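Residue strings, one per chain:
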Amino acid sequence: TREIRQAMESCIGTPIDSSKSHFPMGSLSPKTKDLLVNLEDIISADVYLDGDFPAEIEKLKKALSEKLDEFKAFGGENFKVNFINLDEDPLRIN
């Protein structure tokens, strides 16, 4: 699970505290907010964390989902999030 947490931290640029189930709202920098508000193209985030996981990973999944919701709030229709369950669709990874 440490490797998953490190990978998620590198993707979102924010340390994850697994003892908490959320990121602090408003933690996006003004530069990030501006970038998201002014997206000219659609950005899709594919998250391979849909399904049943151990409690620690579920906390990370919830925290990531909340952070991506914050990205979506600024990116609007140009920021898409897809939660993918590889147990249901294992070919999606290719």
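From a predicted model like this one, the values you see are computed outputs, not experimental measurements.

(A) Here's a closer look at the packing of aromatic side chains. One pass over the full model with this rule turns up 1 aromatic pair. Measuring from ring centre to ring centre gives 5.6 Å for Phe71 and Phe79, while their planes differ by 45°; the resulting arrangement is tilted. Residue classification places Phe71 among the buried positions, given a relative accessible area of 15%. By relative accessible area, which is 5% here, Phe79 ends up buried.

(B) Geometry of helix α3 (residues 55-75). Between its terminal C-alpha atoms α3 stretches 30 Å, which fits the 30 Å expected from 21 residues at 1.5 Å a residue. Of the residues making up α3, those classed as buried are Ile57, Leu60, Lys61, Ala63, Leu64, Lys67, Leu68, Glu70, Phe71 and Gly75. Looking one or two residues beyond α3, the residue adopting positive phi is Gly76, at roughly 60°.

(C) Structural detail: the pairing of strand β2 (residues 79-83). With 5 bridges joining them, strand β1 (residues 43-47) and β2 adopt parallel strand pairing. Residue pairing across strands places Ala45 opposite Val81, the latter belonging to β2. Regarding the hand of the β-α-β motif, the stretch spanning β1, α3 and β2 is right-handed.

(D) How the structure looks around the nonpolar core. Among the nonpolar cores identified, the biggest contains 12 residues, and these are Leu28, Leu36, Leu39, Ala45, Val47, Leu49, Ile57, Leu60, Leu64, Leu68, Phe71 and Phe79. Of all the elements in the fold, those that place two or more residues in this core are β1 and α3. With 5 residues, α3 is the single largest residue contributor to this core. Not counting residues within four places of it along the chain, the set of residues in contact with Phe71 comprises Leu28, Leu36 and Phe79.

(E) Geometry of the pattern of salt bridges. Counting across every chain of the model gives 4 salt bridges. A salt bridge links Glu77 to Lys80, with the nearest nitrogen and oxygen atoms 3.2 Å apart.

(F) A look at the packing of helix α2 (residues 30-37) against α3. Following both chains from N to C, one finds α2 and α3 inclined at 55°, their axes separated by 7 Å at the closest point. The angle between α2 and α3 places the two elements in the oblique class. Every residue of α3 that contacts α2 at Lys33, Leu36 and Val37 is listed here: Phe71, Phe74 and Gly75.

Reading the values: rules and limits
Here the residue index of a chain counts from 1 through its sequence in written order. Predicted model: local features are reported for residues with pLDDT of at least 70 only, side-chain atom pairs are reported and counted for 80 or more only, and whole-chain, interface and lining totals are derived from all residues. Side-chain metrics in this entry use all non-hydrogen atoms of the structure; hydrogen atoms and water are not considered. Here a pair means two rings of Phe, Tyr or Trp (six-membered ring of Trp) with centres within 6.5 Å. Their orientation is stacked below 30 degrees between planes, edge-to-face above 60, and tilted elsewhere. Accessible area is worked out with a 1.4 Å probe on protein chains only. A residue is then buried under 20% of its type maximum, exposed over 50%, and partly exposed in between. Numbering of helices and strands runs from the N terminus, with a helix taken as a DSSP run of H or I at least four residues long and a strand as a DSSP run of E at least two residues long. Expected helix span is taken as 1.5 Å per residue step, with the number of steps being one fewer than the number of residues. Whether two strands pair depends on DSSP finding at least two bridges between them. Consider the strands pointing away from the viewer: the crossover is right-handed when the path from the first strand over the helix to the second runs clockwise. For the purposes of this section, nonpolar cores are sets of buried Ala, Val, Leu, Ile, Met, Phe, Trp, Tyr and Cys residues that join through side-chain atoms within 4.5 Å. Any two residues whose heavy atoms approach within 4.5 Å are treated as being in contact. One speaks of a salt bridge when a side-chain nitrogen belonging to Lys or Arg is within 4 Å of a carboxyl oxygen belonging to Asp or Glu. Axes, fitted as lines to C-alpha atoms, cover a helix only where it is in contact. Angles between the N-to-C directions of the axes lie from 0 to 180 degrees. These descriptions rest on fixed angle ranges, namely under 35 degrees for roughly parallel, over 145 for roughly antiparallel, 65 to 115 for roughly perpendicular, and the rest for oblique.

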